[in-house]
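Coordinate analysis (summary)
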Amino acid sequence: MDMKRVVSIQDISCVGKCSLTVALPIISAMGIECSILPTAVLSTHTMFKGFTFRDLTDDITPIVEHWKREKFEFDAIYTGYLGSFDQLELVSGFFSDFKRPDNLIFVDPVMADNGKLYPGFTPEFARAMAGLCKKADVVVPNLTEAAFMLGEECRLSGYDEKYIKDTLKKLTALGAKYAVLTGVSFEPGKVGLMGYDSTKDEFFSYYHRRLDVSFHGTGDVFASTAVGALVRGKTLAEALKIAADITVASIELTIADPEHENYGVRFERAIPQLLHALGDC
């Protein structure tokens, strides 16, 4: 059987665990070839001061044209942080060029959290990101990103199950078959996700203990694991459960080490658990 191939389209930080430095090792560990299309290169991720940044937008088209000449195909296309309108347009074109009836487009619309857009992003960008999500099979925003894409007020607390379900249906109305909201909580001490399969009109959810810590790159651990599990043949509900469990395990393994760094989780130590969840050991 041929090895499955995923392409991840996002930035790469030379030091710091996020984006491609998370996607590449996790997806590779799952027995899947991980190709990359870097959108920018940074000396470190943005928690560090004085980092260097080089925009690679101008390199995307020549790379893609070469891939088209070589007739490369991908079992999944996975996007994370995209930094400009130009990149959204180029990635939209990539989706059109490389979509097959049997492959997966997975969009993590990384642009906001805790009720605010990240620096440099605008409501107009959020609307353009919503346009990109029209071409996705699976979209996995947090509550803040969903609100901005839908042009609605962001509610981080005080919501009920109906609000979450209505939001999920609005997200699939953008065009994706499946939508997942992360950071959902209906009771103190518990947090998780709720998803919606518009093809079956079915909801599913999964919750775990809330960890009152914050690390850079945990969303990338979650999304990368979910993509890999889907490509390995897991259902969306199964893939998201595995992804949530591995993200929590990565955090717990990090805070258990008194010498841990604060700029990323030690997801490498959770890989044996990941392989066990996949049935590989």
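See the structure printed just above.
Here is a short report on the structure shown in this document. Everything numeric here is computed off the predicted structure, so don't read it as measured data.

1. Comments concerning the overall build of the protein
A count of helical and extended segments in the protein gives 9 helices and 11 strands. By the compact-globule yardstick of 19 Å for 281 residues, the protein fits well, its C-alpha radius of gyration being 18 Å. Relative to its full complement of 281 residues, the protein shows a buried share of 49%. Of the contacts made within the protein by residues no fewer than 6 positions apart, 65% connect residues no fewer than 24 positions apart. As presented, the protein carries roughly 13200 Å² of accessible surface, and 52% of it is formed by carbon and sulfur atoms. With 29 positive and 38 negative side-chain charges, the protein shows a separation of 2 Å between the mean positions of the two kinds.

2. Digging into the pairing of strand E5 (residues 104-107)
Residues Leu104 and Phe106 of E5 are buried on one face, and the alternating residues Ile105 and Val107, pointing to the opposite face, are buried as well. Here 4 bridges tie strand E4 (residues 76-79) to E5, and the two strands are oriented parallel to one another. Bridge assignment links Tyr78 to a residue of E5, and that residue is Phe106. Handedness of the crossover joining E4 and E5 through helix H3 (residues 85-98) is recorded here as right-handed. In this structure, E5 lies alongside strand E8 (residues 138-139), joined through 2 bridges in parallel fashion. Counted as the bridge partner of Val107 is Val139 from E8.

3. Some words on the pairing of strand E1 (residues 5-15)
In this structure, E1 lies alongside strand E2 (residues 33-44), joined through 9 bridges in parallel fashion. What sits directly across from Val15, in E2, is Thr44. In this fold, the crossover linking E1 to E2 by way of helix H1 (residues 20-29) has right-handed handedness.

4. Re the side chain of Thr44
Here Thr44 is to be found in strand E2. Accessibility expressed as a relative area gives 15% for Thr44, which makes it buried. Those residues within four positions of Thr44 in sequence are excluded, and the remaining contacts are Ser13, Val15 and Phe51.

5. What about the packing of aromatic side chains?
Summed over the entire model, instances satisfying the criterion amount to 14 aromatic pairs. Measuring from ring centre to ring centre gives 6.1 Å for Trp67 and Phe94, while their planes differ by 75 degrees; the resulting arrangement is edge-to-face. Here Phe94 lies in helix H3 and Trp67 lies in helix H2 (residues 57-70), a separation of 27 residues in the sequence. The burial state of Trp67 is the same as that of Phe94; both residues are buried. Seen from the ring of Phe203, Lys165 lies directly overhead, with NZ or CZ sitting 4.9 Å from the centre.

6. Things to note about the packing of helix H8 (residues 236-255) against helix H9 (residues 271-278)
Direction vectors running N to C along H8 and H9 enclose 160 degrees, while the axes themselves pass 10 Å from each other. If you check the angle between H8 and H9, you find them roughly antiparallel. Of the two elements, H8 crosses H9, and the hand of that crossing is right-handed. Residues Ile242, Asp245, Ile246 and Ala249 of H8 form the contact with H9, whose participating residues are Gln273, Leu274, Ala277 and Leu278.

7. A look at the layout of surface pockets
In this structure, the second largest pocket occupies an estimated 360 Å³ of space. Asp102, Asn103, Leu104, Tyr178 and Leu230 are, among the 18 residues lining the second largest pocket, the residues nearest its centre. Here the residues of the lining of the second largest pocket are counted per class, giving 7 nonpolar, 3 polar and 8 charged.

8. Some words on H1
In an α-helix, one turn spans 3.6 residues; hence positions three or four apart end up facing the same way. Within H1 the residues assigned to the buried category are Leu20, Val22, Ala23, Ile26 and Ile27. The buried residues of H1 occupy an angular sector of 155 degrees when the element is viewed end-on, so they sit on one face. Residues of H1 that are buried in the fold lie against E1, E2, E4, helix H7 (218-231) and H9. Looking at the residues trailing H1, positive phi occurs at Gly31, about 80 degrees.

Definitions and cut-offs
Residues numbered from 1 in each chain as written. Predicted model: local features only at pLDDT ≥ 70, side-chain atom pairs only at ≥ 80, totals over all residues. Heavy atoms only, no water. Helix = DSSP H or I, 4+ residues; strand = E, 2+ residues; numbered from the N terminus. Rg over C-alpha atoms; globule rule 2.2 N^0.38 Å. Buried < 20%, exposed > 50% of the residue type's maximum accessible area, 1.4 Å probe, protein only. Contact = heavy atoms within 4.5 Å. Areas by Shrake-Rupley, 256 points an atom, 1.4 Å probe, with all protein chains shown as cover. Lys, Arg positive; Asp, Glu negative; His and termini not counted. Charge placed at Lys NZ, Arg CZ, Asp CG, Glu CD. Pairing = 2+ DSSP bridges. Right-handed = clockwise from strand over helix to strand, strands pointing away. Phe/Tyr/Trp six-rings, centres within 6.5 Å; stacked < 30°, edge-to-face > 60°. Lys NZ or Arg CZ within 6 Å of the ring centre and 35° of its normal. Axes fitted to C-alpha atoms, helices over the stretch in contact; angles between N-to-C directions. Parallel < 35°, antiparallel > 145°, perpendicular 65-115°, else oblique. Left-handed = near helix turned anticlockwise from the far one by under 90°. 1 Å grid on protein atoms, 1.4 Å probe; cavity = no way out; pocket = protein on both sides within 12 Å on 5 of 7 lines; lining within 4 Å. Points joined across faces, edges and corners; volume = space filled by probe spheres on them. Nonpolar A, V, L, I, M, F, W, Y, C, P; charged D, E, K, R; others polar. Arc of directions from axis to C-beta.

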